[in-house]
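Observations on the three-dimensional arrangement
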Amino acid sequence: MSKKSRTFQPPTASGSTPTGGPSSASGPAPDPAVPSTRSATSAATGASTSASTSASTSASSPAGTPSATSRSAARRRAVGDSKVGAPPTFFERYRLLIVGAIAVALIAGAAWVVNGVSSTSASAFACESLMTPGPTDPVPTQKPAAAEPTGALASTGPGASVAPTAAPEPQPTQRLGFTTEDLGRGHIDPSHKQQYAFCPPTGGPHYNVGGGIAPLARDFYPPTQALGPGNWIHNLEHGYVVLLYKGAITDEVQQQLRDVMAEATPSGYSSANCGYSKVIAVRFDDMDPGVNFAAVAWDRALLLDQFDKQAFLTFANQWQDGPQTPEPGLC
């Protein structure tokens, strides 16, 4: 066999070029008897290349400078953070409470102005004693009934007429209530706590601030409105009758008190100058346990256990601008 024959190798199953032929890109076929190290070599080569690339990238970036990937992540985080609003301010967090507190303060202030008195002024008094019904005036003697007209003719002859007769005088009526001790009429500051010898007082030191506060404006004052004697005693000084009631009375009684105010006959001065009766109604709780209603004028009182509209109406007609009033003739 020639030398050429001895060097000839048949093609491998994979079709590689035999030894001695043109060079293959993959090099000579591995000897089956020799373990292949190509994969390990390739892996080592790839790892070496990756490590070299990383080392090169790290070497090219200054120390402390984020990579492009780090910067992209930072930008994404910044965009995400920008979507979250800033934390609420103190006002935003508590605005409902703040607005509510302001509204309550405004309402309370308006109520004080409308009512004309604070709870302090309503309780700025003390009572040494609670008044009980006193002796009433004697029942007046009734006049004898007038004689019937005799029918005397004013003239004689055809068409004669009966002479007119004078109308009979009205029967005297009993003056309701009883006379009380005079307590004076000085003016005091609303901040002063006044002590009255008895309650309900029918006179005494009182406020003089005007504006419908002292004296009070002519009105019906409901059970929810607290008012003290310092306010309505000034009304007594000017000839008013004040109807007092204890506690939260029924709507029916409230209406009847309003009716007394509307139906009371004004005094001569009030009819000519005021155009209304000088009667107001106010809640007042500092009364004897047996007294739930009272009608008071200056130095005069009517105390009742049960409400009596007709008695209140009669008292109001008798004692508006009465003879004992210190300053009558004012509206």
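1. Quick word on the overall build of the protein
Along the backbone of the protein there are nine helices and seven strands. Considering only contacts in the protein between residues 6 or more positions apart, those separated by 24 or more positions represent 71%. About 20,500 Å² of surface is accessible on the protein, with carbon and sulfur atoms providing 59% of the total.

2. Remarks on helix α9 (residues 309-319)
The set of residues buried in α9 consists of Ala311, Phe312, Leu313, Phe315, Ala316 and Trp319. Where α9 starts, the residue carrying a side-chain oxygen 3.2 Å from the main-chain nitrogen of Gln310 turns out to be Asp308. Phi turns positive one or two residues past the end of α9, at Asp321, with a value near 50 degrees.

3. Quick word on the pairing of strand β4 (residues 241-245)
Burial within β4 is extensive, with five of its five residues counted as buried. Covered by surrounding structure in β4 are Val241, Leu243 and Tyr245 together with Val242 and Leu244, the residues of both alternating faces. In this sheet, strand β5 (residues 279-283) lies alongside β4 in parallel orientation, the contact comprising five bridges. Paired with Val242 across the strands is Ile280, a residue of β5. In this sheet, strand β6 (residues 293-297) lies alongside β4 in antiparallel orientation, the contact comprising four bridges. Note that in β6 the partner of Leu244 across the bridge is Ala294.

4. Concerning the state of the cysteines
One covalent bond between the sulfur atoms of two cysteine residues makes up a disulfide. Under the defined criterion, the tally for this structure stands at two disulfides. In this model Cys127 forms its disulfide with Cys199; the gap between the sulfur atoms is 2.0 Å. Taking the torsion about the S-S bond as the criterion, the Cys127 to Cys199 disulfide, at about -80 degrees, is left-handed. Of this pair, Cys127 sits in strand β1 (residues 125-127) while Cys199 sits in the loop between β3 (194-196) and α6 (229-237), and the two are 72 residues apart along the sequence. Accessibility expressed as a relative area gives 0% for Cys199, which makes it buried. The disulfide partner of Cys274 is Cys331, and the gap between their sulfur atoms is 1.8 Å. Disulfide Cys274-Cys331: torsion about the S-S bond near -95 degrees, hence left-handed. With a gap of 57 residues between them, Cys274 in helix α8 (residues 268-274) and Cys331 in the segment after α9 connect regions that are remote in the sequence. Residue Cys331 is classed as partly exposed on the basis of its relative accessible area, which comes to 39%.

5. A look at the pattern of salt bridges
Inspection of the entire model under this criterion finds seven salt bridges. With its nearest N and O atoms 3.0 Å apart, the salt bridge here joins Asp137 to Arg175. Highlighted residues: Asp137 in the loop between β1 and β2 (178-179) and Arg175 in the loop between β1 and β2, separated in sequence by 38 residues. For Asp137, a relative accessible area of 17% translates into the label buried. The exposure class of Arg175 is partly exposed, given its relative accessible area of 44%. Of the charged contacts in the structure, one is a salt bridge between Arg300 and Asp137, with a shortest N-O distance of 2.9 Å. Here Asp137 lies in the loop between β1 and β2 and Arg300 lies in strand β7 (residues 300-304), a separation of 163 residues in the sequence. Judged by its relative accessible area of 2%, Arg300 is buried. The network of salt bridges with common partners includes Asp137, Arg175 and Arg300.

6. Examining the packing of aromatic side chains
For the coordinates displayed, the defined rule picks out seven aromatic pairs. Taking the centre distance of 6.0 Å and the plane angle of 10 degrees together, the rings of Phe220 and Tyr245 count as stacked. Taken together, the residues span a long stretch of sequence, with Phe220 in the loop between β3 and α6 and Tyr245 in strand β4 at a distance of 25 residues. Across this residue pair, the class does not change: Phe220 and Tyr245 are buried. Seen in terms of ring centroids, Phe307 and Phe312 are 5.5 Å apart; in terms of plane orientation they differ by 85 degrees. Their pairing is edge-to-face. In this structure Phe307 comes out as buried when scored by relative accessible area, which is 17%. Residue Phe312 is classed as buried on the basis of its relative accessible area of 0%.

7. Some words on unusual backbone geometry
Excluding glycine, residues mostly carry a negative phi; peptide bonds, for their part, are mostly trans. For the bond running from Cys199 to Pro200, omega is 0 degrees, close enough to zero to count as cis. Residue placement: Pro200 occurs in the loop between β3 and α6. Phi at Asp299 takes a positive value of approximately 60 degrees, unusual for a residue other than glycine. Within the fold, Asp299 resides in the loop between β6 and β7. We classify Asp299 as buried; its relative accessible area is 13%. Of note, the phi angle at Asp321 is positive, near 50 degrees, even though the residue is not glycine. Note on placement: Asp321 falls in the segment after α9.

Thresholds, definitions, all that
- Residues numbered from 1 in each chain as written.
- Predicted model: local features only at pLDDT ≥ 70, side-chain atom pairs only at ≥ 80, totals over all residues.
- Heavy atoms only, no water.
- Helix = DSSP H or I, 4+ residues; strand = E, 2+ residues; numbered from the N terminus.
- Contact = heavy atoms within 4.5 Å.
- Areas by Shrake-Rupley, 256 points an atom, 1.4 Å probe, with all protein chains shown as cover.
- Buried < 20%, exposed > 50% of the residue type's maximum accessible area, 1.4 Å probe, protein only.
- Polar contact = N/O pair within 3.5 Å; in protein donor to acceptor, adjacent residues only side chain to side chain.
- Pairing = 2+ DSSP bridges.
- Disulfide = S-S within 2.5 Å.
- Salt bridge = Lys/Arg side-chain N within 4 Å of Asp/Glu carboxyl O.
- Phe/Tyr/Trp six-rings, centres within 6.5 Å; stacked < 30°, edge-to-face > 60°.

Distances and angles like these do not, on their own, reveal function.
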